[in-house]
Amino acid sequence: MTTSFRKFCCEEVKTMLGMSLEETRVYREAKAEAWKEAWKQGWKEGWKQGWKEGREERKAEMLKVIVPLLLKTGMNIEQIAQQLNVDLESVRFATQQN
């Protein structure tokens, strides 16, 4: 009869082995692998967030330059938002920055 460790809780395995799971090599390897995966996932999410924030900052900087020029041509805020395909609030914010 084969014993399946899947059925046992940590305390039962500890009693069977005569040591805690934390003392085993398999535990240390699993923990290291989990840290590696968590780090990779965290790095990916951080990179995505940084990219998104960078894009938003570039967009805001460009609007600060473009919006005043378009206002001088006689366009209103709604027209500018429509032509640049951006939300009205972004255009308003850009006008306040100058």
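Our subject is the structure that appears above.
Here is a short report on the structure shown in this document.

Criteria and thresholds
- Residues numbered from 1 in each chain as written.
- Predicted model: local features only at pLDDT ≥ 70, side-chain atom pairs only at ≥ 80, totals over all residues.
- Heavy atoms only, no water.
- Helix = DSSP H or I, 4+ residues; strand = E, 2+ residues; numbered from the N terminus.
- Rg over C-alpha atoms; globule rule 2.2 N^0.38 Å.
- Buried < 20%, exposed > 50% of the residue type's maximum accessible area, 1.4 Å probe, protein only.
- Contact = heavy atoms within 4.5 Å.
- Areas by Shrake-Rupley, 256 points an atom, 1.4 Å probe, with all protein chains shown as cover.
- Lys, Arg positive; Asp, Glu negative; His and termini not counted.
- Charge placed at Lys NZ, Arg CZ, Asp CG, Glu CD.
- Salt bridge = Lys/Arg side-chain N within 4 Å of Asp/Glu carboxyl O.
- Polar contact = N/O pair within 3.5 Å; in protein donor to acceptor, adjacent residues only side chain to side chain.
- Disulfide = S-S within 2.5 Å.

## Some points on the overall build of the protein chain
Of regular secondary structure, the protein chain possesses four helices and zero strands. Counted from the first residue to the last, the protein chain has its helices and strands arranged as α-α-α-α. Radius of gyration (C-alpha) of the protein chain: 29 Å, far over the 13 Å computed for a compact globule of 98 residues. The principal-axis extent of the C-alpha atoms belonging to the protein chain is close to 85 × 20 × 20 Å. For the protein chain, with 98 residues in total, the buried portion stands at 12%. Sequence separation of 24 or more characterises 32% of the internal contacts of the protein chain that already satisfy a separation of 6 or more. Working note: accessible area of the protein chain is about 8,400 Å², and carbon and sulfur atoms make up 57% of it. A gap of 4 Å separates the mean positions of the 17 positive and 15 negative side-chain charges of the protein chain.

## Quick word on the pattern of salt bridges
Evaluation of the coordinates by the stated rule reveals five salt bridges. With a closest N to O distance of 2.8 Å, Glu-29 and Arg-25 form a salt bridge. Placement of both Glu-29 and Arg-25 in helix α2 (residues 25-72) is noted, with a separation of four residues, approximately one turn of the helix. Asp-87 is the salt-bridge partner of Lys-59, the closest N and O atoms lying 3.9 Å from each other. In this pair, Lys-59 is assigned in helix α2 and Asp-87 in the loop between α3 (77-84) and α4 (88-96), connecting sequence segments 28 residues apart. A relative accessible area of 27% places Lys-59 in the partly exposed class.

## Describing α3
Near the N-terminus of α3, the side chain that reaches the backbone nitrogen of Glu-78, with its oxygen 3.1 Å away, is that of Asn-76. Once α3 ends, the next one or two residues include Asn-85, with phi positive near 60°.

## Description of the state of the cysteines
One pass over the full model with this rule turns up zero disulfides. Cys-9 takes part in no disulfide bond, and the closest cysteine sulfur to it belongs to Cys-10, at a distance of 6.7 Å.

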